[in-house]
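Okay, here's what each chain looks like letter by letter:
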Amino acid sequence: MSQGQPRRPQPEDQVPITYGDVFQVSGEIANKPITPQDAATMQTAENMVLGKTQKGGPAAIMQSAASVNESRGVVSHYDVTSATGDQGVTVSEAVVAGHHIVTESVVGQYVGTNTASSPAPLISGGDDQVTIGEALEAAALSAGEKPVDQSDAAAIQAAEVRATGRMQVVPGGVAAKAQAAASQNARTMRDEDKTKLGDVLVDASTLLPRDKAVTREDAEGVIGAEIRNQPELATYPGGVSASMAAAARLNQK
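The structure presented is a predicted model; accordingly, all values stated were derived computationally and were not measured.

1. Considerations on the confidence of the model for the protein chain
Mean pLDDT for the protein chain: 80, with 81% of residues reaching 70 or above. Within the protein chain, the element-level pLDDT minimum falls on helix α4 (residues 82-87), averaging 60, and the maximum on helix α7 (residues 174-186), averaging 96.

In structure tokens, the structure reads:
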């Protein structure tokens, strides 16, 4: 190698667009380049749920980023991000307060929401705001078959605290049910024998002595509680945190 020649910085057109550049994600996935096959996987998932790729949604964003990365030569057309290939992408749906909410995640981390009016409205809080109880019930629909674990119980307890304003777990309340389910599930071997989120959250609104409209701060608090109790530091697609985040976004519209 010749001496005396300064090393040139890597040109911008050789730097890949990563997940962290376009989505609020953390951990290993944040530094991974978005590949054409990742984008195709998300597009397929959106098409299965929505019947089309939503304009400006996660699949469209990923497709644009992947096209740039391929044109820069930093990924090939058939590349797949290892984390995405192993854990995949998820598009889940639920009806909350008269709105159809589609939540999208990449390797368990929330990346976007699509909302549309629903012909079957549910009762909501004042001024058509989605309440914490309703958001929990939405999680029962979108992730109802997930066995309850400690991260779910922590998220549900955080939601209950924010709804009631009481730091203590309400006896017989939704957080108490979730904690009991998580403890029992930890001693149960087979998933089919475990208590599911749907079992715990189906009547969440009636188990809350007080309820309130979901705010961004409420969603952030619940997300933090779930992540802190999850070994992979990620939220579950369509789960408690995702439903709270979707409700907060809907309430801000």
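2. With respect to the environment of D149
Residue position: D149 is located in the loop between α5 (132-142) and α6 (150-164). A sequence separation of 31 residues divides D149 from A180, and the C-alpha atoms of the two residues are 9.9 Å apart.

3. Quick notes on the pattern of salt bridges
In the structure shown here, the tally under the stated rule is 11 salt bridges. In this structure, K146 engages D152 in a salt bridge whose closest nitrogen and oxygen atoms are separated by 2.5 Å. According to the relative accessible area criterion, D152 is buried, its value standing at 0%. Linking E220 and R216 is a salt bridge whose minimum nitrogen-to-oxygen distance equals 3.9 Å. Here the residue E220 and the residue R216 both occupy positions in helix α10 (residues 216-228), the gap between them amounting to four residues, near one helical turn.

4. Here's the deal with the nonpolar core
By size, the foremost hydrophobic cluster in this structure holds 35 residues, and its most contacted members are L136, I156, V174, V200, L201, V240 and M244. When residues of this core are traced back to their parent elements, those giving at least two are α5, α6, α7, α8 (197-201), α9 (204-207), α10 and α11 (240-252). The biggest single contributor to this core is α6, with seven residues.

5. Details of the packing of aromatic side chains
Each aromatic ring pair is characterised by the separation of its centres together with the angle its planes make. Taken as a whole and assessed by the stated rule, the structure comprises zero aromatic pairs. Just above the ring of Y236 sits the side chain of K146; from NZ or CZ to the centre is 5.1 Å.

6. Topic: α5
An α-helical turn contains 3.6 residues, so a residue and the one three or four places further along point in the same direction. Across the 11 residues that make up α5, a large majority, eight, are buried. All buried positions along α5 are accounted for by I132, G133, E134, A135, L136, A138, A139 and A140.

7. Considerations on the packing of α10 against α11
Interaxial distance between α10 and α11 falls to 8 Å at its minimum, and their mutual angle equals 165 degrees. It follows that α10 is roughly antiparallel to α11 by the angle criterion. α10 and α11 meet at a crossing whose hand is left-handed. For the pair formed by α10 and α11, the contact residues are R216, D218, A219, V222, I223 and E226 on the first element and V240, S241, M244, A245, A248 and Q252 on the second. Each residue belonging to the contact of α10 with α11 can be placed in one class, and the counts come to seven nonpolar, two polar and three charged.

8. Focus on α6
Counted at 1.5 Å a residue, the expected span for α6 with its 15 residues is 21 Å, and the 21 Å between its end C-alpha atoms agrees. Burial analysis of α6 places 12 of its 15 residues in the buried class, the great majority of the element. Among the residues of α6, S151, D152, A153, A154, A155, I156, A158, A159, E160, V161, A163 and T164 are the ones counted as buried. In this fold, the buried residues of α6 make contact with α5, α7, α8, α10 and α11. Just past α6, the residue G165 takes up positive phi, approximately 75 degrees.

9. Thoughts on the packing of α5 against α11
Orientation of α5 relative to α11, taken along the N-to-C sense of each, is 130 degrees, at an axis distance of 8 Å. When the interaxial angle is binned, α5 and α11 end up oblique. Taken as a pair, α5 and α11 cross one another with a handedness that is right-handed. Contacts from I132, A135, L136, A138, A139 and S142 of α5 reach α11 at V240, S243, M244 and A247. Tallied by class, residues from the contact of α5 with α11 come to eight nonpolar, two polar and no charged.

The rules behind each value
- Residues numbered from 1 in each chain as written.
- Predicted model: local features only at pLDDT ≥ 70, side-chain atom pairs only at ≥ 80, totals over all residues.
- Heavy atoms only, no water.
- pLDDT = per-residue confidence, 0-100.
- Helix = DSSP H or I, 4+ residues; strand = E, 2+ residues; numbered from the N terminus.
- Salt bridge = Lys/Arg side-chain N within 4 Å of Asp/Glu carboxyl O.
- Buried < 20%, exposed > 50% of the residue type's maximum accessible area, 1.4 Å probe, protein only.
- Core = buried A, V, L, I, M, F, W, Y, C linked by side-chain atoms within 4.5 Å.
- Phe/Tyr/Trp six-rings, centres within 6.5 Å; stacked < 30°, edge-to-face > 60°.
- Lys NZ or Arg CZ within 6 Å of the ring centre and 35° of its normal.
- Axes fitted to C-alpha atoms, helices over the stretch in contact; angles between N-to-C directions.
- Parallel < 35°, antiparallel > 145°, perpendicular 65-115°, else oblique.
- Left-handed = near helix turned anticlockwise from the far one by under 90°.
- Contact = heavy atoms within 4.5 Å.
- Nonpolar A, V, L, I, M, F, W, Y, C, P; charged D, E, K, R; others polar.
- Expected span 1.5 Å × (residues − 1).

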